[in-house]
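# Working through the structure, step by step
Okay, here's what each chain looks like letter by letter:
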Amino acid sequence: MTVVRRAGAEDAGEVLRLRQVMIDSMAGTDPSTRWHTESLPVLKGRLADPDGDFAAFVVEHPERPGALAALAAGALEYRIGRADNPLGRVGHVFSVATDPDARRRGHARACVTELLAWLRERGAAHVDLNASAEAEPLYASLGFVRKPDPSMRLAL
């Protein structure tokens, strides 16, 4: 049985480590960890706020005390409402990662399921995420579908 819990400020270092595991698994990403020093205090603050719009759900590593095996993080965002979402609450799932030696045990699924429940409780009408080809079957089994999203990004 996989036991999932909400991450707290004390988990910030391990949450960053698992985020780096996810980043390192994607082609063409910068493997640098220099950003961890600047990110850590911000993440600690966000994880310490139980009523905030950000949450991370984790599973303890079964073979390494003090380490995490899996992570799913997400946020609730407000957008002006529309017909299918009059309250304008949109969930976002990101930073889903499992330690390589703890994969294929259902840990990521359990974390994402808890994160989706948290988003649902806060009134999210729908949830968005970006999926790798490897992870797409997991998300599809949870009900996610591809959308023809014309997303663009500007780096500031």
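Anything mentioned here points back to the structure above.
Here we summarise the structure given alongside this text. Just so we're clear, the structure is a prediction, and the values are computed from it rather than from any experiment.

### What about the side chain of Asn-85?
Relative to the helices and strands, Asn-85 is located in the loop between β3 (68-78) and β4 (89-98). Given a relative accessible area of 4%, Asn-85 falls into the buried group. When residues no more than four places from it in sequence are discounted, the contact partners of Asn-85 are Val-90, Ala-125 and His-126.

### Description of the layout of surface pockets
In this structure, the second largest pocket encloses a volume near 260 Å³. Looking at the second largest pocket, the residues that line it are Val-15, Leu-16, Arg-19, Ser-39, Val-42, Leu-43, Arg-46, Phe-54, Leu-71, Ala-73, Phe-94 and Ser-95. Of all the elements in the fold, those that place two or more residues in the lining of the second largest pocket are α1 (12-24), α2 (35-48), β3 and β4.

### Notes on the side chain of Asp-128
Within the secondary structure, Asp-128 is located in strand β5 (residues 126-129). Beyond its immediate chain neighbours, meaning those up to four positions away, Asp-128 contacts Val-90, Gly-91, His-92, Val-93 and Lys-147.

### Observations regarding the pairing of strand β2 (residues 54-60)
Counting buried residues along β2, six of its seven residues qualify, which places the element largely inside the surrounding structure. Bridge count for strand β1 (residues 4-6) against β2 is three bridges, and the pairing is antiparallel. Looking at β2, one finds that Arg-5 is bridged to Val-58. Bridge analysis of β2 against β3 gives seven bridges, and the strand direction is antiparallel. In the sheet register, Ala-56 faces β3, and the bridge partner there is Ala-73.

### As for helix α3 (residues 107-121)
It helps to recall that an α-helix has 3.6 residues per turn; residues three or four apart then point in one direction. Relative to the 21 Å expected for 15 residues at 1.5 Å per residue, α3 spans 21 Å between its end C-alpha atoms, a close match to the ideal helical length. All of the buried residues along α3 are His-107, Ala-108, Ala-110, Cys-111, Val-112, Leu-115, Leu-116, Trp-118 and Leu-119. In this fold, the buried residues of α3 make contact with β1, β2, β3, β4, β5 and α4 (136-141). Phi for Gly-123, located one or two positions after α3, is positive at around 90°.

Criteria and cut-off values
Counting restarts for each chain, with residues numbered from 1 along the sequence as it is written. Two thresholds apply to this predicted model, a pLDDT of at least 70 for residue-level local features and 80 or more for giving and counting side-chain atom pairs, whereas whole-chain, interface and lining totals are computed over all residues. The basis for every side-chain value is the complete set of non-hydrogen atoms in the structure, without hydrogens or water. Going along the chain from the N terminus, every DSSP run of H or I of four or more residues is numbered as a helix, and every run of E of two or more is numbered as a strand. Summary of the burial criterion: residues with accessible area below 20% of their type's maximum are buried, those above 50% are exposed, and those between are partly exposed, where the area comes from a 1.4 Å probe applied to protein chains only. In what follows, a contact means two residues having at least one pair of non-hydrogen atoms within 4.5 Å. Lining residues are defined by having an atom within 4 Å of a point belonging to a cavity or pocket. Those points lie on a 1 Å grid over the protein atoms alone, cavities being sets where a 1.4 Å probe fits but cannot get out and pockets being open sets with protein on both sides within 12 Å along at least five of seven lines. Grid points are joined across faces, edges and corners, and a volume is the space filled by probe spheres set on the points. In this analysis, strands are considered paired if DSSP registers two or more bridges between them. One less than the number of residues in a helix, times 1.5 Å, gives the span that helix is expected to have.

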